[in-house]
Structures are given as structure tokens and as C-alpha cells.
Amino acid sequence: MGELLLMKGNEAVGEGAIIANCRYFFGYPITPQTEILEYLARRLPEVGGAYVQAESEISAINMVFGAAAAGARVMTASSSPGISLMQEGISYIASAELPAVIVNVMRGSPGLGGIHPSQADYNQSVKCGGHGDYKLIVLAPASVQELIDFTILAFELAEQYRTPVVLFSDGMMGQMMEPVLLPEINTTPVDRPWATTGMNGRSPNIIHTLYLPADDLGNHVKQLFAKYDQIAANEKRHTQFMVEDAEIIVVSYGITSRVAKAAVEMARENGIKAGLFRPVTLWPFPDKALKKAAENAQLLIDVEISMGQMRDDVRLAINDRLPVDLYNRIGLVPTPEEIYEFIKSRAREVL
Amino acid sequence: MPKGYSRPQTLIDKPWHFCPGCNHGIIHRLCAEVIDEMGLQNQTIGVGSVGCGVFSYEYFNFDGIGPSHGRAPAVATGVKRVLPDRLVFTYQGDGDLAAIGTTEMVHSAVRGENITIIFVNNTLYGMTGGQMAPTTLMGQVTTTTPGGRSRNQAGYPFRVCEMLATMEGAAYIARGAVYNPAQVVKTKKAIKKAFATQMAGLGFSLVEVLSACPTNWGMNPIQALKFVEENMVPVFPLGEFKVTPIEAGV
Ligand SMILES: Cc1ncc(C[n+]2csc(CCOP(=O)(O)OP(=O)(O)O)c2C)c(N)n1
């Protein structure tokens, strides 16, 4: 545990990857992600790794596929339009059961959208935008420190479950600077007996995603989902703040959850029993914890920088027992005052 | 008595799924023979493709990867950056390489990526039932050019070797065929040179092989071999387009 450093969110992701022993990065420039690429282009050669600037995000994700198949710790990062281009490759990586980390520094969309902060790729990653039956672990950090810590966690989960992990950042977190502590982790070499590294005396290792006989495909998908069940049982994460006696619970993740916390504090100071529930894993969604947190609540407010893409998961978690309002801004992070005013107005009507 | 001609060690003993008269089997075998002769079975990672060669990893007796349609050179790039001392090659059809995967092919050559592409040109999309490919000949009938490929509708055949040979990152570029034993021998030599170029670290290499598709051409195997020689070779001339001398020699 070293000294406190001031780091930009995007650089923190890059350094987190280095700490996690990731030595390969393939990417393509896009604002507001580009500093991850620039940081690793400089850092990876220093630590004996390789950086390739791909000709597109399609190529980048397929380079990730190859490097992961070859048994390496590997990452790519992009922002919303680039992540769209990666969807086919992500489906292949999930099916081939390769560990990989994909960072999405989400920006305004649809289309070219803009370079504002956004959370509008929730459905794309949490519901899986590629073809077929698969799941992605999706982590939602809310500070520069967590960008480092969760990058490391993403590699550990990817390795443990041999599955792609998506790390959500956004146009604000990627660009903001905060003090961080660089963690030290032990980097014991990982055994990957399945990797295609050249036979060297063993029988051939094959990494593929084609199962022509229906039974083979069925068994493959069932086996994937047995793994996803295990992930869902073990890896749901959340944090909560003042939910025990809360009548109104704000549900929010990532950058907006920080602002929402300040709004909840303001509400408490003004006599409104508000609380905050923050999903840390978006898949698996911490549904049971939310259901429990909401036991005494009368209203939930979903706060997002999207048209409410997480709201369906919130409703499902509580079996649609309570109203779930949406407070959102598109293209910018709401202020604590704005969220507080919304809480106040809803408190007047509902409570 | 020792056998004069036997199965290469790197080819698994299993019946091909290819149609009668298809040349994919010969081209697979040539890759396997070369890898045997170079003693690289334990150091090879084969990257397949989506097309009639999709099951290459089921025939080759070495580590294999099945990538998505067209992206084999990107996948091979990822493998090679992690394992720079291994033989990494892709095996791709003309739809896979010269249509959907054009970007990945060109930019592997731009980077001088130290990989080899074995490019099987049969002038159409075999696996999906004989649609036009970028390599379809002028006037050639396919299921999507029922009146023959015309300039106005679909432009001209794509000559991959000629284009790649202009690139500095390309170290070895050659086109061969397998329509008679002499051409088979020449093509094998080209594949060997390409693999040796890679093992010497000289950069990107590609061997295009003109290949018969009797099923989708509506011909018998003999007619199809003749079609390669008489109709394909004039458009896709055989030979070496770029050679970088290898000091240590093959
Ligand atoms: C993204 C995507 N698009 C389309 C296909 C369907 N597809 C499978 S094989 C193929 C064409 C293969 O033709 P070619 O590469 O020429 O190889 P051949 O079968 O002729 O050997 C196509 C279009 C696919 N699998 N994936």
C-alpha cells in the first residue's frame, strides 16, 4: 500500500490492469475512453507486454479473443459506439469461455450521440447485445479508486469463471481526477491448461464455438448457464445507505449513485426518510438484497443517465410490489439538488 | 516394407466432410505435410475461419481456434503477440478473407504482423451454397449472379495477392493452384516458404490457392480442375508476388 496519488479515471483503469497482471491491450481511439489506450500504449512495453492499436473495435475484440485463447490476461476498452461493434466478438468470447475484460466508458447515444457521460448501455451489456444465450458479468464502479479496484476484480472474476467481464465507466468518471491508493496484489501465475499455446507434447487444445448437432449445442448452452447460475449465487454485490427505515429508496449505480447519496443526505436533513441502494454488479443484479432493502419502503426512485434501462430489473427484484419512479438526465450527471427536489416532490405526493 | 506415401502426423485420420472433387482436402494436407517437415507440430496454432474450411481444427493434429467469419487475422494477431515464437496461421476462404474480413487481412499486412494466411480462392461462397464472392469471375453464374457477374452490378474480381504485394509489411506473397501434380508441388513449396518466412520473423505472409468447387460450379471434378486452369489462372496468375530472402534458407 503506497502513497496517495492523484489519478484520472481512465488512467486508473490502465494502472489497475497493470496491477492485475494484464499484459495485453487491443483498442481503438474514441472519446472519452482514449486515455486508457494512451496510458497502456506507454505502460505495457515498460512491463514486457504488448499494445496493438487495432484498425477497428471489431478487430480489437477479435485480437482479445486470440490473446485470451493463447492464455494471456487481456483487456480492451472503448466507448458506446465501439462497444456496439464488439458485440459479435463478445458473444464468441462468452461461448468459447475465454477470460477477458471489456471496459465501456459510456458516452451519449444513440448514434454518434456525443461525448457526455451516459449510462445508456445498460441493456446492451446487462441483457447482452450480441447473439445467443450468454451472460456477462457487469461491474459498476463509482469512484476513481473503484475503477482501479474493480478492474482488478474484473480480471479475477474473468479468470475464475472463464467468462468476459464488462467494467462500466462513463464520460465523467473517465475524465475526473481523484486521490487513489494503488493496491498491491499477489500475482501468482495462473494455470490455463485449456489454452491454445502449441501442444508441446499434449493432445490438441481446440477453442471453438460451433456445435452443429442440436444436442451438442444444447449441452454447451446448458453448461454455460450452469456456470452463470453459480456466478449469480456467488457474485451479487451492492452497497446501501440508510435503507433500514427508509420510506423512499433511491436505486442508482455508478457516477449517479454518488450524487444520489448526497441527495439522500439532504433529504434526511430535511426530515424525509430516504435511503440509497446501489447495485455494484449489474449482472448478476443484487435482486434479493434490493427486495429486502425495500421491505419497509413505499416508493423507489430509479436514478440513471438513461431512459430508465435499469428500471425493469428494479421492478423485477421487488416483484412490482411498489411504484418505481424514474429520475433521469440525458447527457449529464444530475446534481444532488435536482435529485433532492425530485425526492421531495414525490415524498409530498406519496407519503 | 516402409510406405512411400502415408498420412502426415499432423493430419488426424478421419474422413473429410468435403464434397467430391473439392480441393480443400489437398490444401489441408499440404499445410500438414509442411508442418511435419518443418517439425512444428508442437509449436503451431491454426486459426480457422467460417466457410467450408470451418472444421480445419477437427482435421489438424495441433492446437486450433475457430474464430468468427472474417476475423481470423485479428485472432491470429492476438495469439502471435502473446506467443511470438509459435507458428500461427489462418486458413480462410475468399468470402471470409476478401469480403467480410478485408480489413483484418489488409491491416495485418500493414502492421507486418508475423503470421501466415492460407487463402483458398474458389470464386464463391461454398458453404452457404454458391453465392457471388469478390473473386467471382466476370460473367460467372452464381446463385446471386444468375445472369453472370456483370460490371454494372458487381464490379470486378478482387486480386488479393497483387494488392498485398504493394505493401511494405508483406514479406512473402504467392499464388498457387492444385489442379495437377506439378502445381501441387509448387504450392507446397510456397506454403513452406511462407511458414519459413514467419519463423524467421520477417513479417506477414500469404499463400493464395486456387481451388475447385465442383458442387457449386455445377461441374464434375475433372471439369472443375480444367475450369481452374483455363478460366481462373488467366484472371489470377500463378507465381510469387513478393519474396523476402530468408538468410537461414529452407
Ligand atoms: C457474420 C457472418 N455473416 C455471414 C455468415 C454466413 N457464412 C458462413 S460461411 C460464408 C461464406 C464462406 O465462403 P468462403 O469464405 O468463400 O469459403 P468457402 O465456403 O467457399 O470455402 C458465409 C457468408 C457467418 N457465419 N457470419
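Presented here is a report on the structure given in the accompanying data block. (Residues numbered from 1 in each chain as written. Chains lettered and ligands numbered in written order. Predicted model: local features only at pLDDT ≥ 70, side-chain atom pairs only at ≥ 80, totals over all residues. Heavy atoms only, no water.)

Our next topic: the interface of chain B and chain A. One frequent convention defines the size of an interface as the accessible area lost when the parts assemble. On the chain A side, the residues contacting the 31 residues of chain B number 34 residues. Regarding the contact of chain B and chain A, the summed buried area is about 2500 Å², with carbon and sulfur atoms giving 62% of it. Of all residues in chain B, Asn42, Asp63 and Val82 of chain B bury the most surface against chain A, accounting for 22% of the area lost on that side. Note that Asp63 of chain B and Arg202 of chain A form a salt bridge whose closest N and O atoms lie 2.8 Å from each other. Our count for the contact surface shared by chain B and chain A stands at 15 residue pairs in polar contact (both at pLDDT 80 or more). Every element with two or more residues in the side of chain B that touches chain A is listed here: β1 (44-47), β2 (63-65), α3 (72-82) and α5 (102-110) of chain B. Each residue belonging to the side of chain B that touches chain A can be placed in one class, and the counts come to 12 nonpolar, 13 polar and six charged. Bridge analysis of strand β9 (residues 206-207) of chain A against β2 of chain B gives two bridges, and the strand direction is parallel. Following the sheet pairing, Ile207 of chain A is matched in β2 of chain B by Ile65 of chain B. (Contact = heavy atoms within 4.5 Å. Buried area = accessible area lost by both parts, 1.4 Å probe. Salt bridge = Lys/Arg side-chain N within 4 Å of Asp/Glu carboxyl O. Polar contact = N/O pair within 3.5 Å; in protein donor to acceptor, adjacent residues only side chain to side chain. Helix = DSSP H or I, 4+ residues; strand = E, 2+ residues; numbered from the N terminus. Nonpolar A, V, L, I, M, F, W, Y, C, P; charged D, E, K, R; others polar. Pairing = 2+ DSSP bridges.)

On to the site of the ligand, then. Taken together, 17 residues sit near the ligand, with Cys52, Asp94, Gly95, Asp96 and Gly126 of chain B positioned nearest. Neighbouring residues of the ligand are not confined to a single chain but are spread across chains A and B. Cys52 of chain B has a polar backbone atom sitting 2.8 Å from an oxygen atom of the ligand. Within the backbone of Met127 of chain B, a nitrogen or oxygen atom sits 2.9 Å from an oxygen atom of the ligand. (Near = heavy atom within 4 Å.)

Working definition: two side chains of opposite charge can pair if their charged atoms are close together. If you walk through the whole model with that rule in mind, you get 32 salt bridges over all chains. In this structure, Asp313 of chain A engages Lys127 of chain A in a salt bridge whose closest nitrogen and oxygen atoms are separated by 2.6 Å. Remark: Lys127 of chain A occurs in the loop between α6 (122-126) and β6 (137-139) and Asp313 of chain A occurs in helix α11 (residues 311-317); sequence separation between them is 186 residues. Asp313 of chain A gets classed as buried once you look at its relative accessible area, which sits at 9%. One salt bridge connects Glu113 of chain B with Arg81 of chain B, and the closest N-O pair in it is separated by 2.7 Å. Note that Glu113 of chain B is positioned in the loop between α5 and β4 (116-121) and Arg81 of chain B in helix α3, a separation of 32 residues in sequence. Note on Glu113 of chain B: relative accessible area 4%, which makes it buried. (Buried < 20%, exposed > 50% of the residue type's maximum accessible area, 1.4 Å probe, protein only.)

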